[in-house]
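# Chains, contacts and geometry: an overview
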Amino acid sequence: MAAISNESDGDVLALAAAVEADSEHPSARAIVAAARNRGLTVPAATGFRSLTGRGVTALVDGTEAAVGGPNLIEAEGLNMPPELQGETRVWVERGASVLHVIRAGRVIGALSLEDEVREESRQAVSALQNRGISVAMITGDAQQVADAVAQELGIDEVFAQVLPQDKDKKVGELQSRGQKVAMVGDGVNDSPALARAEVGIAIGAGTDVAMESAGVVLAGNDPRAVLSMVDLSRASYRKMIQNLIWATGYNVIAVPLAAGVLAFAGVTISPAVAAILMSVSTIVVALNAQLLRRIKLDPADIR
């Protein structure tokens, strides 16, 4: 955290927490939690508004205040105080997200937020790539932040600083290259992209809108569950092909024999036997499908 010379770090954090108090964004919850952990008095805010893709704003003690990233600074035409530029540059270079705290049209401080990459995410990306699936990331974070996370996870392609309304356009861009896209998301802003993708996968712990827009809803928030879905889908497809070949083979062989196609060679079967064989084929198909139960779908077992 950094503040201009005539402001204290505590005042900047308390103001940011006041503005973010009514937001459900993970960054907002982290800011509010940080203020509470420091024992700061967070003033009441009114008139909360979310500025899509830029940040949030509210009235604190009758003065307009806002918290947001680079897009907010650019949209408001504000200048970064020189005393903050050096420190925020260091934050960005190490891959942190920077949120600026604004009061009465002036930037009075900045906050650094860094995502802790979950081991489950690292495993999920690696397992997807091992299965020949390319992984791309679409995020509203700054390019440096996105690049740092992508490098740590080994992600193949990054779309950074993407406004919420443009996420589905990035999905369309991938599709225009002839790629089939499975989109994983959990927020309201992900809904159009989930709907556009060939397969929309919503995180079960996400918003209702995201789940309604997706074709698949994961039960929890473990990203490795995507691998379980992929493995089950591929196994189901293999079983469909196997059962189709098996059932077709019975019909191609048994029906002509019952009709007497090879009677001249002394090869015949009675219609009753052919009917029994067709029933047996149904049983075999059903038993083969039951083998899907042997697939391990626990995300913790995914490799």
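Placed above this text is the structure.
What comes next is a walk through the structure. What you see is a predicted model, and the numbers here were worked out from it, not measured in a lab.

### Regarding the environment of Leu111
Position of Leu111 among the secondary structure elements: in strand β6 (residues 106-113). C-alpha separation for the pair Leu111 and Ala142, spaced 31 residues apart in sequence, amounts to 14 Å.

### Brief notes about the pairing of β6
Burial within β6 is extensive, with 6 of its 8 residues counted as buried. Pairing geometry for strand β1 (residues 2-3) and β6, over 2 bridges, is antiparallel. Its bridge partner lying in β6, Ala3 is registered against Gly109. Note that strand β5 (residues 97-103) and β6 share 7 bridges and pair antiparallel. By the bridge assignment, Val98 is partnered in β6 with Ser112. Counting the residues that bridge the hairpin from β5 to β6 gives 2 residues, and of these Ala104 lies at a positive phi of roughly 55°.

### Comments concerning the pairing of strand β2 (residues 45-51)
In terms of strand pairing, β2 meets strand β3 (residues 55-60) through 5 bridges, oriented antiparallel. The partner of Leu51 across the bridge, within β3, is Gly55. The turn joining β2 and β3, which pair antiparallel and follow one another in sequence, is formed by 3 residues; a positive phi near 75° is taken by Gly53.

### Focus: the sheet that holds β1
A sheet is described by the order of its strands in space; here 6 strands give the open sequence β1-β6-β5-β4-β3-β2, paired in antiparallel fashion. Pairing within the sheet leaves two strands with one partner each, and these edge strands are β1 and β2. Along the sheet, helix α4 (residues 82-93) makes contact with β1, β5 and β6, crossing β6 at roughly 20°.

### Details of unusual backbone geometry
Positive phi, normally seen in glycine, also occurs at Asp61, with a value near 55°. You can call Asp61 exposed: its relative accessible area is 66%. Backbone geometry places Ala104, a non-glycine residue, at a positive phi of 55°. Since its relative accessible area comes to 55%, Ala104 is described here as exposed.

### Things to note about the sheet that holds strand β9 (residues 182-185)
With parallel pairing, 3 strands are arranged side by side in an open sheet as β9-β10-β11. Across the chains shown, the open sheet's two edge strands, defined by having one partner strand only, are β9 and β11 (216-217).

### Thoughts on the nonpolar core
Val19, Ile31, Val101, Ile102, Val107 and Leu111 are the most contacted members of the largest nonpolar core, which totals 37 residues. With 7 residues, helix α1 (residues 9-20) is the single largest residue contributor to this core. Val117, Leu128, Ala150 and Leu227 belong to the second largest nonpolar core, which has 21 residues in total.

### Brief notes about α4
Here α4 spans 17 Å end to end across 12 residues, near enough to the 16 Å set by a 1.5 Å rise per residue. Within α4, the full set of buried residues consists of Leu84, Thr88, Trp91 and Val92. Down the axis of α4, the buried side of the element spans an arc of 90°, and every buried residue falls inside it. Exposed residues on α4 whose side chains face more than 90 degrees from its buried face are Pro82 and Glu93. Those residues of α4 that are buried are in contact with β1, β5, β6 and α6 (143-153). One or two residues past the end of α4 sits Gly95, with phi positive at roughly 95°.

### Quick word on the side chain of Ser97
With respect to the element layout, Ser97 can be found in strand β5. On the accessibility criterion, Ser97 (17% relative accessible area) is buried. Those residues in contact with Ser97 that lie beyond four places of it in its chain are Leu111, Ser112, Leu113, Asp141 and Val145.

### Observations regarding the packing of α1 against helix α2 (residues 26-37)
One can describe the packing of α1 onto α2 by two numbers: an axis separation of 9 Å at closest approach and a directional angle of 135°. Between α1 and α2, the crossing angle belongs to the class labelled oblique. The two elements α1 and α2 meet at a crossing, and its hand is left-handed. Contact residues: α1 offers Leu13, Ala16, Ala17 and Glu20, while α2 offers Ala28, Ile31, Val32, Ala34 and Ala35. Class assignment for the residues of the contact of α1 with α2 results in 8 nonpolar, no polar and 1 charged.

Reading the values: rules and limits
- Residues numbered from 1 in each chain as written.
- Predicted model: local features only at pLDDT ≥ 70, side-chain atom pairs only at ≥ 80, totals over all residues.
- Heavy atoms only, no water.
- Helix = DSSP H or I, 4+ residues; strand = E, 2+ residues; numbered from the N terminus.
- Buried < 20%, exposed > 50% of the residue type's maximum accessible area, 1.4 Å probe, protein only.
- Pairing = 2+ DSSP bridges.
- Contact = heavy atoms within 4.5 Å.
- Axes fitted to C-alpha atoms, helices over the stretch in contact; angles between N-to-C directions.
- Core = buried A, V, L, I, M, F, W, Y, C linked by side-chain atoms within 4.5 Å.
- Expected span 1.5 Å × (residues − 1).
- Arc of directions from axis to C-beta.
- Parallel < 35°, antiparallel > 145°, perpendicular 65-115°, else oblique.
- Left-handed = near helix turned anticlockwise from the far one by under 90°.
- Nonpolar A, V, L, I, M, F, W, Y, C, P; charged D, E, K, R; others polar.

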